[in-house]
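# Report on the structure
The lines below spell out each chain.
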Amino acid sequence: MATDTLAPPMAMPGVRIKSELMQQRVRAARWFLLPMLIALAVVAGWPLLRSIYFSFTDASLNNLYGAEWVGFNNYLRWTTLDSGKTVYRGLLVDPKWWGAVGNTLRFAAYSVTFEAIFGMIVALVLNAEFKGRGIVRAAILIPWAIPTIVSAKMWSWMLNDQFGILNDLGMRLGLLSQKVAWTANSDTAMTAVLIVDIWKTTPFMALLILAGLQMIPKDIYEAAEIDGVHPVKQFFRITLPLVRPALMVAIIFRLLDALRIFDLIYVLTPNSDSTKTMSVLARENLFDFDKFAYGSAMSTLLFLIIAILTILYIWLGKVRFDGGDR
(Lines give C-alpha, C1' and ligand atoms only; values in the text may rest on other atoms or scores of the structure.)
Protein backbone atom coordinates (compact mmCIF):
# COMPACT_ATOMS: atom_id res chain seq x y z
CA MET A 1 0.00 0.00 0.00
CA ALA A 2 1.49 3.26 -1.10
CA THR A 3 1.67 6.08 1.32
CA ASP A 4 1.19 9.65 0.25
CA THR A 5 3.78 12.18 1.37
CA LEU A 6 2.20 15.27 2.75
CA ALA A 7 3.66 18.41 1.25
CA PRO A 8 4.65 21.11 3.76
CA PRO A 9 2.18 23.98 3.94
CA MET A 10 3.03 26.79 1.61
CA ALA A 11 4.00 30.04 3.29
CA MET A 12 1.55 32.81 2.61
CA PRO A 13 3.28 35.68 0.77
CA GLY A 14 1.18 38.28 2.57
CA VAL A 15 2.12 36.92 6.01
CA ARG A 16 5.83 36.86 5.11
CA ILE A 17 5.74 40.42 3.79
CA LYS A 18 3.92 41.61 6.90
CA SER A 19 6.43 39.85 9.14
CA GLU A 20 9.38 41.39 7.30
CA LEU A 21 7.76 44.81 7.47
CA MET A 22 7.24 44.43 11.23
CA GLN A 23 10.87 43.42 11.69
CA GLN A 24 12.00 46.49 9.75
CA ARG A 25 9.83 48.69 11.93
CA VAL A 26 11.23 47.14 15.09
CA ARG A 27 14.81 47.66 13.88
CA ALA A 28 14.04 51.26 12.92
CA ALA A 29 12.43 51.89 16.31
CA ARG A 30 15.52 50.56 18.08
CA TRP A 31 17.79 52.85 16.09
CA PHE A 32 15.55 55.84 16.88
CA LEU A 33 15.57 54.94 20.58
CA LEU A 34 19.33 54.47 20.76
CA PRO A 35 20.31 58.19 20.98
CA MET A 36 17.70 58.74 23.69
CA LEU A 37 18.95 55.74 25.69
CA ILE A 38 22.55 56.95 25.42
CA ALA A 39 21.60 60.46 26.54
CA LEU A 40 19.54 59.01 29.40
CA ALA A 41 22.45 56.85 30.54
CA VAL A 42 24.83 59.83 30.53
CA VAL A 43 22.47 62.39 32.07
CA ALA A 44 20.61 60.19 34.58
CA GLY A 45 22.23 56.77 34.87
CA TRP A 46 25.81 57.82 35.57
CA PRO A 47 24.96 60.48 38.20
CA LEU A 48 22.65 57.95 39.90
CA LEU A 49 25.41 55.35 40.09
CA ARG A 50 27.87 57.94 41.39
CA SER A 51 25.40 59.07 44.04
CA ILE A 52 24.92 55.47 45.18
CA TYR A 53 28.70 55.02 45.32
CA PHE A 54 29.23 58.22 47.35
CA SER A 55 26.64 57.03 49.89
CA PHE A 56 29.08 54.26 50.90
CA THR A 57 32.01 56.65 51.34
CA ASP A 58 33.01 59.60 53.55
CA ALA A 59 32.93 62.04 50.62
CA SER A 60 32.62 65.79 51.14
CA LEU A 61 32.41 68.69 48.73
CA ASN A 62 36.11 69.39 49.22
CA ASN A 63 37.17 65.78 48.83
CA LEU A 64 34.97 63.98 46.32
CA TYR A 65 37.65 61.97 44.53
CA GLY A 66 39.69 61.19 47.60
CA ALA A 67 36.80 59.71 49.54
CA GLU A 68 37.34 56.45 51.38
CA TRP A 69 34.95 53.50 51.50
CA VAL A 70 33.06 53.28 54.80
CA GLY A 71 30.44 50.69 53.91
CA PHE A 72 27.00 51.15 55.49
CA ASN A 73 28.13 53.67 58.10
CA ASN A 74 26.05 56.44 56.54
CA TYR A 75 22.95 54.26 56.73
CA LEU A 76 23.44 52.58 60.11
CA ARG A 77 26.25 52.21 62.59
CA TRP A 78 26.39 51.58 66.31
CA THR A 79 28.76 52.11 69.20
CA THR A 80 28.73 50.18 72.46
CA LEU A 81 29.65 52.39 75.41
CA ASP A 82 31.56 51.29 78.49
CA SER A 83 28.26 51.22 80.36
CA GLY A 84 26.97 48.59 77.97
CA LYS A 85 24.53 50.90 76.24
CA THR A 86 24.47 50.70 72.45
CA VAL A 87 24.09 53.98 70.56
CA TYR A 88 22.79 53.81 67.00
CA ARG A 89 23.55 56.46 64.39
CA GLY A 90 22.95 56.82 60.70
CA LEU A 91 20.21 57.62 58.26
CA LEU A 92 17.94 54.70 59.17
CA VAL A 93 17.59 55.96 62.75
CA ASP A 94 17.59 59.69 61.93
CA PRO A 95 14.27 61.24 63.11
CA LYS A 96 14.67 64.17 60.70
CA TRP A 97 14.86 61.77 57.77
CA TRP A 98 11.77 59.83 58.79
CA GLY A 99 9.96 63.11 59.42
CA ALA A 100 10.80 64.13 55.85
CA VAL A 101 9.60 60.73 54.58
CA GLY A 102 6.29 61.24 56.39
CA ASN A 103 5.91 64.76 55.00
CA THR A 104 6.60 63.53 51.47
CA LEU A 105 4.16 60.62 51.64
CA ARG A 106 1.47 62.83 53.19
CA PHE A 107 1.99 65.51 50.55
CA ALA A 108 1.89 62.94 47.73
CA ALA A 109 -1.26 61.25 49.05
CA TYR A 110 -3.26 64.45 49.52
CA SER A 111 -2.09 66.23 46.38
CA VAL A 112 -2.56 63.31 43.99
CA THR A 113 -5.98 62.43 45.46
CA PHE A 114 -7.38 65.95 45.16
CA GLU A 115 -5.79 66.50 41.75
CA ALA A 116 -7.36 63.29 40.45
CA ILE A 117 -10.81 64.33 41.74
CA PHE A 118 -10.61 67.92 40.51
CA GLY A 119 -8.94 66.82 37.28
CA MET A 120 -11.82 64.43 36.58
CA ILE A 121 -14.36 67.20 37.20
CA VAL A 122 -12.53 69.65 34.94
CA ALA A 123 -12.09 67.00 32.23
CA LEU A 124 -15.81 66.16 32.29
CA VAL A 125 -16.66 69.86 31.90
CA LEU A 126 -14.18 70.35 29.07
CA ASN A 127 -15.44 67.20 27.34
CA ALA A 128 -18.94 68.65 27.10
CA GLU A 129 -19.93 70.63 24.03
CA PHE A 130 -20.46 74.34 24.66
CA LYS A 131 -19.63 77.60 22.96
CA GLY A 132 -16.06 78.77 23.53
CA ARG A 133 -14.84 75.34 24.63
CA GLY A 134 -11.50 75.79 22.84
CA ILE A 135 -10.77 79.04 24.66
CA VAL A 136 -11.62 77.47 28.01
CA ARG A 137 -9.38 74.48 27.28
CA ALA A 138 -6.48 76.80 26.52
CA ALA A 139 -7.10 78.99 29.57
CA ILE A 140 -7.30 76.05 31.97
CA LEU A 141 -3.72 75.07 31.08
CA ILE A 142 -2.25 78.42 32.16
CA PRO A 143 -1.46 77.37 35.77
CA TRP A 144 0.34 74.27 34.52
CA ALA A 145 2.25 76.25 31.88
CA ILE A 146 3.65 78.71 34.45
CA PRO A 147 7.09 77.55 35.73
CA THR A 148 6.93 76.15 39.25
CA ILE A 149 9.42 78.69 40.64
CA VAL A 150 7.39 81.58 39.21
CA SER A 151 4.07 80.27 40.54
CA ALA A 152 5.63 79.50 43.95
CA LYS A 153 7.01 83.03 44.22
CA MET A 154 3.70 84.48 43.12
CA TRP A 155 1.79 82.50 45.73
CA SER A 156 4.34 83.39 48.43
CA TRP A 157 3.39 87.05 47.93
CA MET A 158 -0.32 86.22 47.90
CA LEU A 159 0.01 84.18 51.13
CA ASN A 160 2.12 86.78 52.94
CA ASP A 161 0.71 87.64 56.36
CA GLN A 162 1.35 91.39 56.07
CA PHE A 163 0.44 92.39 52.51
CA GLY A 164 -0.90 89.16 50.94
CA ILE A 165 -4.14 89.45 49.00
CA LEU A 166 -5.64 86.32 50.58
CA ASN A 167 -5.36 87.72 54.09
CA ASP A 168 -6.72 91.05 52.91
CA LEU A 169 -9.76 89.41 51.28
CA GLY A 170 -10.30 87.19 54.31
CA MET A 171 -10.30 90.17 56.64
CA ARG A 172 -12.61 92.23 54.39
CA LEU A 173 -15.12 89.39 54.00
CA GLY A 174 -15.04 88.51 57.68
CA LEU A 175 -13.64 85.03 57.06
CA LEU A 176 -10.53 85.75 59.16
CA SER A 177 -10.39 87.40 62.57
CA GLN A 178 -6.67 88.13 62.18
CA LYS A 179 -4.02 87.81 59.52
CA VAL A 180 -2.48 84.35 59.15
CA ALA A 181 1.14 83.57 58.31
CA TRP A 182 0.19 80.71 56.01
CA THR A 183 3.68 79.54 55.08
CA ALA A 184 5.42 80.39 58.37
CA ASN A 185 2.95 78.67 60.69
CA SER A 186 3.61 74.95 61.11
CA ASP A 187 -0.14 74.29 61.37
CA THR A 188 -0.95 75.83 57.98
CA ALA A 189 2.31 75.44 56.00
CA MET A 190 1.47 72.03 54.52
CA THR A 191 -2.05 73.18 53.66
CA ALA A 192 -0.65 76.23 51.85
CA VAL A 193 1.79 74.11 49.86
CA LEU A 194 -0.97 71.66 48.92
CA ILE A 195 -3.23 74.48 47.72
CA VAL A 196 -0.52 75.83 45.43
CA ASP A 197 0.40 72.39 44.08
CA ILE A 198 -3.23 71.39 43.46
CA TRP A 199 -3.89 74.71 41.71
CA LYS A 200 -0.88 74.25 39.46
CA THR A 201 -1.05 70.57 38.47
CA THR A 202 -4.78 69.86 38.33
CA PRO A 203 -4.81 71.02 34.65
CA PHE A 204 -2.18 68.35 33.87
CA MET A 205 -4.41 65.64 35.33
CA ALA A 206 -7.42 67.09 33.50
CA LEU A 207 -5.54 67.06 30.20
CA LEU A 208 -4.64 63.36 30.46
CA ILE A 209 -8.11 62.36 31.65
CA LEU A 210 -9.69 64.43 28.87
CA ALA A 211 -7.66 62.47 26.32
CA GLY A 212 -9.13 59.26 27.75
CA LEU A 213 -12.68 60.66 27.74
CA GLN A 214 -12.44 61.58 24.08
CA MET A 215 -11.62 57.95 23.22
CA ILE A 216 -14.99 56.76 24.57
CA PRO A 217 -17.55 56.29 21.75
CA LYS A 218 -20.58 58.55 22.07
CA ASP A 219 -22.84 55.73 20.92
CA ILE A 220 -22.53 54.16 24.38
CA TYR A 221 -23.99 57.25 26.06
CA GLU A 222 -26.75 57.52 23.46
CA ALA A 223 -27.76 53.92 24.12
CA ALA A 224 -27.67 54.53 27.88
CA GLU A 225 -29.92 57.60 27.53
CA ILE A 226 -32.39 55.62 25.45
CA ASP A 227 -32.48 52.98 28.19
CA GLY A 228 -33.13 55.71 30.77
CA VAL A 229 -29.85 55.32 32.70
CA HIS A 230 -29.29 58.16 35.16
CA PRO A 231 -26.22 60.39 34.40
CA VAL A 232 -24.65 59.53 37.77
CA LYS A 233 -25.02 55.84 37.01
CA GLN A 234 -23.56 56.45 33.54
CA PHE A 235 -20.47 57.94 35.16
CA PHE A 236 -19.82 55.01 37.50
CA ARG A 237 -20.84 52.25 35.08
CA ILE A 238 -19.55 53.65 31.77
CA THR A 239 -17.25 56.65 32.08
CA LEU A 240 -15.12 55.63 35.05
CA PRO A 241 -14.35 52.04 33.91
CA LEU A 242 -13.53 53.15 30.35
CA VAL A 243 -11.36 56.11 31.42
CA ARG A 244 -9.59 54.07 34.12
CA PRO A 245 -6.44 53.28 32.03
CA ALA A 246 -5.84 56.98 31.31
CA LEU A 247 -6.60 57.88 34.93
CA MET A 248 -4.16 55.29 36.31
CA VAL A 249 -1.36 56.51 34.02
CA ALA A 250 -2.07 60.14 34.97
CA ILE A 251 -1.93 59.25 38.67
CA ILE A 252 1.41 57.45 38.34
CA PHE A 253 2.96 60.44 36.54
CA ARG A 254 1.73 62.78 39.26
CA LEU A 255 2.82 60.38 41.99
CA LEU A 256 6.37 60.40 40.64
CA ASP A 257 6.35 64.20 40.62
CA ALA A 258 4.88 64.48 44.10
CA LEU A 259 7.34 62.07 45.72
CA ARG A 260 10.32 64.06 44.47
CA ILE A 261 8.83 67.51 45.10
CA PHE A 262 11.53 70.10 45.76
CA ASP A 263 11.15 73.50 44.14
CA LEU A 264 7.70 74.36 45.50
CA ILE A 265 8.67 73.45 49.07
CA TYR A 266 12.05 75.17 48.80
CA VAL A 267 10.55 78.48 47.70
CA LEU A 268 7.42 78.58 49.87
CA THR A 269 8.63 76.99 53.14
CA PRO A 270 12.43 76.54 52.98
CA ASN A 271 13.02 76.19 56.73
CA SER A 272 9.81 74.55 57.95
CA ASP A 273 10.19 71.08 59.45
CA SER A 274 6.46 70.48 58.94
CA THR A 275 6.83 70.55 55.13
CA LYS A 276 10.44 69.51 54.59
CA THR A 277 10.51 66.64 52.09
CA MET A 278 13.14 64.03 51.28
CA SER A 279 14.48 66.04 48.34
CA VAL A 280 14.80 69.25 50.35
CA LEU A 281 16.55 67.46 53.24
CA ALA A 282 18.93 65.68 50.86
CA ARG A 283 19.83 68.98 49.20
CA GLU A 284 20.54 70.59 52.58
CA ASN A 285 22.97 67.84 53.57
CA LEU A 286 24.61 67.70 50.15
CA PHE A 287 25.43 71.40 49.84
CA ASP A 288 24.42 73.49 52.87
CA PHE A 289 25.84 71.25 55.62
CA ASP A 290 28.69 69.77 53.49
CA LYS A 291 27.62 66.21 54.38
CA PHE A 292 27.91 64.98 50.84
CA ALA A 293 28.06 61.28 51.67
CA TYR A 294 25.12 61.54 54.07
CA GLY A 295 23.12 63.50 51.48
CA SER A 296 23.99 60.88 48.86
CA ALA A 297 22.61 58.21 51.16
CA MET A 298 19.39 60.22 51.43
CA SER A 299 19.22 60.53 47.65
CA THR A 300 19.74 56.79 47.29
CA LEU A 301 16.96 55.96 49.75
CA LEU A 302 14.72 58.49 48.00
CA PHE A 303 15.31 56.67 44.73
CA LEU A 304 14.57 53.29 46.33
CA ILE A 305 11.37 54.52 48.01
CA ILE A 306 10.06 56.02 44.76
CA ALA A 307 10.97 52.86 42.82
CA ILE A 308 9.28 50.55 45.35
CA LEU A 309 6.11 52.65 45.58
CA THR A 310 5.89 52.95 41.79
CA ILE A 311 6.33 49.21 41.25
CA LEU A 312 3.72 48.45 43.92
CA TYR A 313 1.28 50.89 42.33
CA ILE A 314 1.77 49.41 38.86
CA TRP A 315 1.42 45.87 40.21
CA LEU A 316 -1.55 46.42 42.52
CA GLY A 317 -3.31 48.80 40.13
CA LYS A 318 -2.60 46.57 37.11
CA VAL A 319 -1.42 49.58 35.15
CA ARG A 320 -0.52 49.17 31.51
CA PHE A 321 0.97 51.97 29.45
CA ASP A 322 -0.59 50.79 26.18
CA GLY A 323 -4.04 51.84 27.31
CA GLY A 324 -5.32 48.35 28.15
CA ASP A 325 -6.02 46.40 31.31
CA ARG A 326 -3.84 43.62 32.60
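The residue numbering used here restarts from 1 in each chain and proceeds along that chain's sequence as written. Given that the model is predicted, a residue must reach a pLDDT of at least 70 before its local features are reported, and side-chain atom pairs must reach 80 or more before they are shown or counted; all residues, however, enter totals for whole chains, interfaces and linings. Computation of side-chain values: all heavy atoms of the structure, hydrogens and water removed.

Counting its regular elements, the protein chain contains twelve helices and two strands. Here a helix means four or more residues in a row that DSSP labels H or I, a strand means two or more in a row labelled E, and each is numbered from the N terminus. The secondary structure elements of the protein chain, listed N-terminal to C-terminal, are α-β-β-α-α-α-α-α-α-α-α-α-α-α. Each radius of gyration reported is based on C-alpha atoms, and the globular scaling rule is 2.2 Å times the count of residues to the power 0.38. Expected size for 326 residues packed as a compact globule is a radius of gyration near 20 Å; at 27 Å, the protein chain overshoots this value by more than 25%. Its C-alpha atoms give the protein chain principal-axis dimensions of roughly 100 × 65 × 40 Å. Across the 326 residues of the protein chain, 34% fall into the buried class. Intrachain contacts of the protein chain at a sequence separation of at least 6 include 60% that bridge at least 24 residues. Where accessible areas are quoted, they stem from the Shrake-Rupley method and a 1.4 Å probe; at the residue level, only the protein chains shown are allowed to cover. Accessible surface, the protein chain: about 20800 Å² in total, of which carbon and sulfur atoms supply 66%. When charges are counted, Lys and Arg are positive and Asp and Glu negative, with His and the chain ends excluded. By convention, the point assigned to a charge is CZ for Arg, NZ for Lys, CD for Glu and CG for Asp. Across the protein chain, the mean location of the 30 positive side-chain charges is 3 Å away from that of the 24 negative side-chain charges. Burial status follows relative accessibility: with a 1.4 Å probe on protein chains alone, a residue under 20% of its type maximum counts as buried, one over 50% as exposed, and anything between as partly exposed. Whether two residues touch is decided by their heavy atoms; if any such pair falls within 4.5 Å, the residues are in contact.

This part covers the domain arrangement of the protein chain. A common way to express how large an interface is: the accessible area buried when the components associate. Segmenting the protein chain into domains produces domain 1 (17–45) and domain 2 (96–316). Each domain's extent is set by a domain assignment, obtained either automatically or from a database. The centre of domain 1, based on its C-alpha atoms, is set 34 Å off from the matching centre of domain 2.

The next subject is helix H2 (residues 95–127). Taking 1.5 Å of rise per residue, the 33 residues of H2 would be expected to cover 48 Å, and the 47 Å separating its terminal C-alpha atoms lies within 8% of that figure. Polar contacts, as used here, are pairs of N or O atoms within 3.5 Å; protein pairs need one atom able to donate a hydrogen and one able to accept it. Residues neighboring in sequence count only if both atoms are side-chain atoms. A side-chain oxygen of the first residue of H2 lies 3.0 Å from the backbone nitrogen of Lys-96; this N-cap is Asp-94. Expected helix span is given by 1.5 Å per residue-to-residue step, counting one fewer step than there are residues.

This brings us to the packing of aromatic side chains. Stacked, tilted and edge-to-face are the three classes applied to pairs of Phe, Tyr and Trp rings, where Trp contributes its six-membered ring and a pair requires centres within 6.5 Å; stacked means planes under 30 degrees apart, edge-to-face means over 60, and tilted covers the rest. All chains considered together, the criterion is met by 14 aromatic pairs. Plain terms: the ring middles of Phe-54 and Phe-292 are 5.4 Å apart, the flat faces sit at 80° to each other, and that makes the pair edge-to-face. Here Phe-54, found in helix H1 (residues 13–54), pairs with Phe-292, found in helix H12 (residues 292–317); they are 238 residues apart in sequence, far enough to count as distant. In terms of burial, Phe-54 and Phe-292 fall into one category: buried.

Another point: the packing of helix H9 (residues 231–259) against H12. Lines fitted to the C-alpha atoms define the axes, with helices restricted to the stretch that makes contact. Angles between their N-to-C directions range from 0 to 180 degrees. The interhelical angle for the contact between H9 and H12, taken along N-to-C directions, is 170°, at an axis separation of 10 Å. Here H12 runs roughly antiparallel to H9, going by the angle between their axes. For the pair H9 and H12, contact is made by Arg-244, Met-248, Ile-251, Ile-252, Leu-256 and Leu-259 and by Leu-302, Ile-306, Leu-309, Thr-310, Tyr-313, Ile-314 and Gly-317, respectively. When residues are grouped by polarity, Ala, Val, Leu, Ile, Met, Phe, Trp, Tyr, Cys and Pro land in nonpolar, Asp, Glu, Lys and Arg in charged, and all others, Gly among them, in polar. Here the contact of H9 with H12 is built from residues that sort into ten nonpolar, two polar and one charged. Oblique is the label for every angle not falling under 35 degrees (roughly parallel), over 145 degrees (roughly antiparallel), or within 65 to 115 degrees (roughly perpendicular).

Secondary-structure assignment places Gly-90 in the loop between strand S2 (86–89) and H2. When its relative accessible area of 11% is taken as the criterion, Gly-90 is described as buried. It is 60 Å that separates the C-alpha atoms of Gly-90 and Ala-224, two residues lying 134 residues apart in sequence. Setting aside anything within four residues of it in sequence, one finds Gly-90 in contact with Asn-73, Asn-74, Tyr-75, Leu-76, Arg-77 and Tyr-294.

Attention now goes to helix H7 (residues 189–213). Between its terminal C-alpha atoms H7 stretches 35 Å, which fits the 36 Å expected from 25 residues at 1.5 Å a residue. Roughly 40° is the biggest bend found in H7, and it falls at Thr-201, with proline Pro-203 one to four residues downstream. Burial runs high along H7: 19 of the 25 residues are buried. What we call the bend at a residue is the angle made by axes fitted to the seven residues finishing there and the seven residues starting there.

A separate point is the pattern of salt bridges. What makes a salt bridge here is a side-chain nitrogen of Lys or Arg within 4 Å of a carboxyl oxygen of Asp or Glu, nothing more. As enumerated under the stated definition, the model contains nine salt bridges in all. Of the charged contacts in the structure, one is a salt bridge between Asp-168 and Arg-172, with a shortest N-O distance of 2.8 Å. Highlighted residues: Asp-168 and Arg-172, both in helix H6 (residues 165–173), separated by four residues, approximately one helical turn. Exposure remark for Asp-168: the relative accessible area of 33% places this residue in the partly exposed category. Residue Arg-172 is classed as exposed on the basis of its relative accessible area, which comes to 65%. Asp-257 is the partner of Arg-254 in a salt bridge, and the nearest nitrogen-oxygen pair spans 3.6 Å. Residue Arg-254 and its partner Asp-257 are located together in helix H9, separated by three residues, close to a single helical turn. Given a relative accessible area of 3%, Arg-254 falls into the buried group. Residue classification places Asp-257 among the partly exposed positions, given a relative accessible area of 33%. When salt bridges that share partners are traced, they join Glu-115, Asp-197, Arg-254, Asp-257 and Arg-260 into one network.

So, about a nonpolar patch on the surface. On the surface, Tyr-110, Phe-114, Ile-117, Phe-118, Ile-121, Val-125, Phe-130 and Val-136 cluster together to form a nonpolar patch covering roughly 700 Å² of accessible area. The element contributing the most residues to the nonpolar patch is H2, with six residues. Within the element layout of this structure, Phe-114 appears in helix H2. Residue classification places Phe-114 among the partly exposed positions, given a relative accessible area of 36%. Only residues above 30% relative accessible area that lack a salt bridge enter a patch, with like-charged residues linked at up to 9 Å and the nonpolar side chains Val, Leu, Ile, Met, Phe, Trp and Tyr linked at up to 5 Å.

Moving on to the nonpolar core. Put simply, buried Ala, Val, Leu, Ile, Met, Phe, Trp, Tyr and Cys residues joined by side-chain atoms within 4.5 Å make one nonpolar core. The biggest cluster of nonpolar side chains holds 51 residues, and the ones touching the most others in it are Leu-91, Trp-97, Phe-107, Ile-209, Ile-251, Leu-264 and Met-298. Setting aside chain neighbours within four positions, we find Ile-209 in contact with Ala-116, Gly-119, Met-120, Ala-123, Val-243 and Leu-247. One finds Phe-54, Ala-67, Leu-286 and Phe-292 within the second-largest nonpolar core, a separate group that totals five residues.

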